[in-house]
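Structural description and commentary
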Amino acid sequence: MKNIFILTLILFSAYTGFSQNNAGFFIASPGERAQIILNENEEDLVHIASGMLADDIKKVSGQLLELTGSGNSKYQIKIGTVGRDDDFDRECKQAGIDINKFKKQWEAYHIKTVISPTKNILFVVGSNSRGTAYGLMELSRMIGVSPWIWWADVQPEKNKTISLPGNLDLSDAPRVKFRGIFLNDEDWGLQPWAAKNFEPETGDIGPKTYEKIFELLLRLKANTIWPAMHPCTKAFYTIPGNKEVAAKYQIFVGTSHAEPMLRNNVDEWDRKLFGEYNYSVNSENIKDYWLKRIEELSADDKYIVTLGMRGIHDSGMQGNYTSEQKVKLLETIISDQRGMLKSVLKKDISDIPQAFVPYKEVLDIYKEGAQVPDDVTLIWPDDNHGYVRQLSDADERKRSGGAGVYYHISYWGRPHDFLWLESVPVSLIWEEMHKAYQTNARNIWIVNVGDIKPMEIGMNFFLEMAWNPERFSPENLDAYYTRFAESQFGKQYAVEIGEILKKYFQLGFSRKPEHMGWNTISPTLPIQGTELSLFQNGDELQQRINAYDKLEKQVEKLYQEIPAYRKDAFYELVAYKVIGASNMNKKILYAYKSRVYAAQERTSANLYAQKAKTAFEKIEQITAFYNDTLASGKWQHMMTYNPRRLPVFDMPKTSNYKPEKPNKGEILPEGYSAVVNESEIYALPTFNSLTKRSYFVDVFNSGIQALKWQLETSDDWVVVSRSSGETDTEERIWVSVDWTKITSQDTVHSKILFKLNNQEYVVNISAIKPDWPVTGANFFVEDNGVVAIEAEHFSKQNKTEAGTWTFIKSLGRISDAMGTFPVTAKTFSLMELNAAPTLSYDFYSSSTGNASLHFYCIPTLPLNDDYQLRFAVIIDDGEPLVVNAALKEEMDEHNGEWKSNVLNAVTIQKIQTMIAEKGKHTLQVKMMDPGVVLDKMELVFEEPGSSYFGVPETIVTE
């Protein structure tokens, strides 16, 4: 934490600049210009990074610093790698840098200023060449240059004076050894952009493109790539120059779970030439195929070899085998592969980086008992939707090869893709990768970023966390968005943009833009009706539209205000995502509204049909702007709003209503989905002074002429947002209560009389102003048969040394969540509940009898087979009830419960209970297993109408 604090001060100081009186180190100023000094014998990567730093300094200050082998300037930036030059090592020692300890670290860097009357030196030292390069890129960040300067057109703020503190002394090293990205799903973005725009001479993702990717990785302090591998892309090693540019940037090249031995089977396995890709019947051809790739590797190449075998392209191992046969075959394959590596590469097998990825069906084979050599890294995959399937148990944590994680922030597959816009929040990435880090998965972290754009924020966070997971804590994850915004757009806009991003990711987490069709792929089904309720809980559907529309208006306003040199970056990193997600929601939800309202004979159906069409057209427009106009056409062919042409991206079906009568209209209060018979009387939900909710009544036109309407209230305590009007479509009247005008503690009744074209409609109103004993800051009450609680609003918390419930900011579908930590904690048994960490919630129940408890949990998966996702629930002094948020059956792509969970971003567990007496009660939630993430709870006496988010929190409001 000390280094983080120092770095924050440095960033602030460097950004604002120092004056001569501060005795700082001047990199560039009107009167001074430092020299960049490095030895010729440094590796290519250090020369590349030094040149990048010089270019960055010029972009900020306008001055190009001299790169030289020796210098005589008053200010000198001395760059070097420990062990490459004795004189430089000696200077480092004299400067107080402990190079003996330092050189043993992996990819470490040390940045230090030494100020004297005659010469001022800024040392940038690396324990190896990559460490030196990362130190240089950290220096770029200090002077205000974003890692996304090229990939998101983030232009730095100009500053003629660039200086650093005279007492700067910073060292750092990665906590995860191999950190990188997987380029995947590139059929509609990166590949056509490279082939048709950036690198037409190659016609593919070639060395020119990879060089830019590797520059980005260098700036993000990453060192690993799993190259593009879809059918549209030629294999990485088959394109001249790719291997060489990776070696120049010292990037470790690996391959995915489906590509053993650095081969791209989709492009390289020729069935006609090689035969069946089945090891038990064609092992010699397969071994020869693998051998040729390994023989192509040179001494300069860096690689991580994936072991094992699956099908040609993300499919199961070919051939019909029993479980026992699969285990034996996999062990044979791995043994043969390792023998080949040792023979060809002439290295000790434990010195060759190797990985085994138990992905999909391979995990089942591994769990059946397949033995993986101890020095091989186990890379645990997530379920493709951001929830890691399992992590190392106590024995696996002892493996010399350690473990890693393969994680998705972009995905093609069941139950539905999410490829267009990024929607995985940093809170979920943190929660899952924190579990990985704490269970010793510290050797390889790979994130699937699709086409890189527009997954910039998630990629940035993942790689920052891979460098140092300990810099983040769950209580302040929201601050990351503001910090990211400040790095790209400066302090003036950071807070506002940070808040926009926070809300954007929370909305996207609760339902991804690509999942708004409520359908699935494989089989690919048409768009279904939404689960968001039009008629319950204040109209969930319109609330979602309003939330997105507010963000959309904010970003459009900011786009006009933000300086010209930052507009492109703002559009790429913020505006396109927000506007795209907003209009995807509007398109789907307005179309649904038109269909429902047309069936109700509302003329407003036509308005919503047009709004849906306008939203669809806006998505097309902003995408065309991204491709054709943004950054002067730099990103042409990069952005596609409809990857794979799935139904959710099409214009959905809308409905229209053609009125036949001149004068016709109806009302429909909240809680009703259809007009009642003339003999029935409407009633709004009961108003409660402790929750102070409002409810709506829609007045809608069904006639040719405008509808004139008015209403009358029977009592002055009934407050309405409007009492008369005229509408061609509809008006929503909000009804609330003036509690100062009610003195009775019993339920009071009133009514509203609506008059529409000589028709009268009555809506009954009930209100209660209870004298229930309310104590403490967070107190909950039953409201219309339900007590609803957001998990983070506990009344009391009991932590223990053995574990705790901890805030995880913005990991709830509406707000925050509570998780059980540490992830390595021992499980609490039922006999140990008295010592278990506890969250307590005080509530008042006015009902008695049988009730249902609903627990909304984030759909994480158990840590490993030693755990479940259990917690215990106790009401008052009752017996504990155990709730388990884990899947009832093993996770696979066909598990219906899992598919529902990941699409809805929630698993809802229900248990039955009994409330014997009305009055004050306490609900205790006790930790049993680590890894539980609790979002919300409901105690239900009367089942509310169906909705997506459930009943709004019934917390007592002032």
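An account of the accompanying structure is given in this report. Since this is a predicted model, take the numbers as computed values, not measurements.

About the cut-offs
Residues numbered from 1 in each chain as written. Predicted model: local features only at pLDDT ≥ 70, side-chain atom pairs only at ≥ 80, totals over all residues. Heavy atoms only, no water. Helix = DSSP H or I, 4+ residues; strand = E, 2+ residues; numbered from the N terminus. Rg over C-alpha atoms; globule rule 2.2 N^0.38 Å. Contact = heavy atoms within 4.5 Å. Areas by Shrake-Rupley, 256 points an atom, 1.4 Å probe, with all protein chains shown as cover. Lys, Arg positive; Asp, Glu negative; His and termini not counted. Charge placed at Lys NZ, Arg CZ, Asp CG, Glu CD. Axes fitted to C-alpha atoms, helices over the stretch in contact; angles between N-to-C directions. Parallel < 35°, antiparallel > 145°, perpendicular 65-115°, else oblique. Left-handed = near helix turned anticlockwise from the far one by under 90°. Nonpolar A, V, L, I, M, F, W, Y, C, P; charged D, E, K, R; others polar. Core = buried A, V, L, I, M, F, W, Y, C linked by side-chain atoms within 4.5 Å. Buried < 20%, exposed > 50% of the residue type's maximum accessible area, 1.4 Å probe, protein only. Salt bridge = Lys/Arg side-chain N within 4 Å of Asp/Glu carboxyl O. Pairing = 2+ DSSP bridges.

**Let's talk about the overall build of the chain**
- In terms of regular secondary structure, the chain is built from 21 helices and 38 strands.
- Expected size for 958 residues packed as a compact globule is a radius of gyration near 30 Å; at 31 Å, the chain falls within 12% of this value.
- Principal axes of the C-alpha set define a box for the chain whose edges measure 95 × 75 × 60 Å.
- Put simply, 76% of the contacts in the chain that link residues at least 6 apart link residues at least 24 apart.
- For the chain, the exposed surface amounts to about 36000 Å²; the carbon and sulfur share of it is 47%.
- Distance between charge centroids for the chain: 4 Å, based on 104 positive and 127 negative side chains.

**Regarding the packing of helix H14 (residues 426-438) against helix H15 (residues 456-467)**
- Running from N to C, H14 and H15 point in directions that differ by 30 degrees, and their axes come no closer than 10 Å. One finds that H14 runs roughly parallel with respect to H15. Once H14 is placed against H15, the crossing between them reads as right-handed. Listed contacts from H15 to Val426, Ile429, Trp430, Met433 and His434 of H14 are Gly458, Phe461, Phe462 and Met465.
- Its residues placed into classes, the contact of H14 with H15 shows seven nonpolar, two polar and no charged.

**Things to note about the nonpolar core**
- Core analysis: the biggest nonpolar cluster contains 262 residues, and Ile77, Trp151, Ile181, Ile213, Phe214 and Phe754 have the highest contact counts within it.
- Tallying contributions element by element places helix H19 (residues 564-599) first for this core, with 19 residues.
- With 38 residues, the next largest nonpolar core counts Leu833, Tyr841, Cys857 and Ala885 among its residues.

**Comments concerning the pattern of salt bridges**
- For the structure shown, the criterion picks out 58 salt bridges.
- Residues Lys248 and Glu211 are paired through a salt bridge, measuring 3.2 Å at the closest nitrogen-oxygen approach. Placement of the pair is Lys248 in helix H8 (residues 242-248) and Glu211 in helix H7 (residues 207-219), with a sequence separation of 37 residues.
- We note a salt bridge from Glu464 to Arg483, for which the minimum N-O separation is 2.9 Å.

**Observations concerning the environment of Lys160**
- With respect to the helices and strands, Lys160 occurs in the loop between helix H5 (129-142) and strand S7 (162-164).
- Contact partners of Lys160, with chain neighbours within four places excluded, come to Ala28, Ser29, Pro30, Ser61 and Gln63.

**Focus: the sheet that holds strand S4 (residues 75-81)**
- Spatially, the six strands line up as an open sheet ordered S3-S2-S4-S6-S5-S8, and their pairing is mixed. This sheet does not close on itself; its edge strands, each paired only once, are strand S3 (66-68) and strand S8 (169-172). Within the sheet, the average angular offset between the axes of one strand and its neighbour, ignoring direction, is 15 degrees.
- As paired elements, strand S5 (residues 109-114) and S8 share four bridges and run antiparallel to each other.

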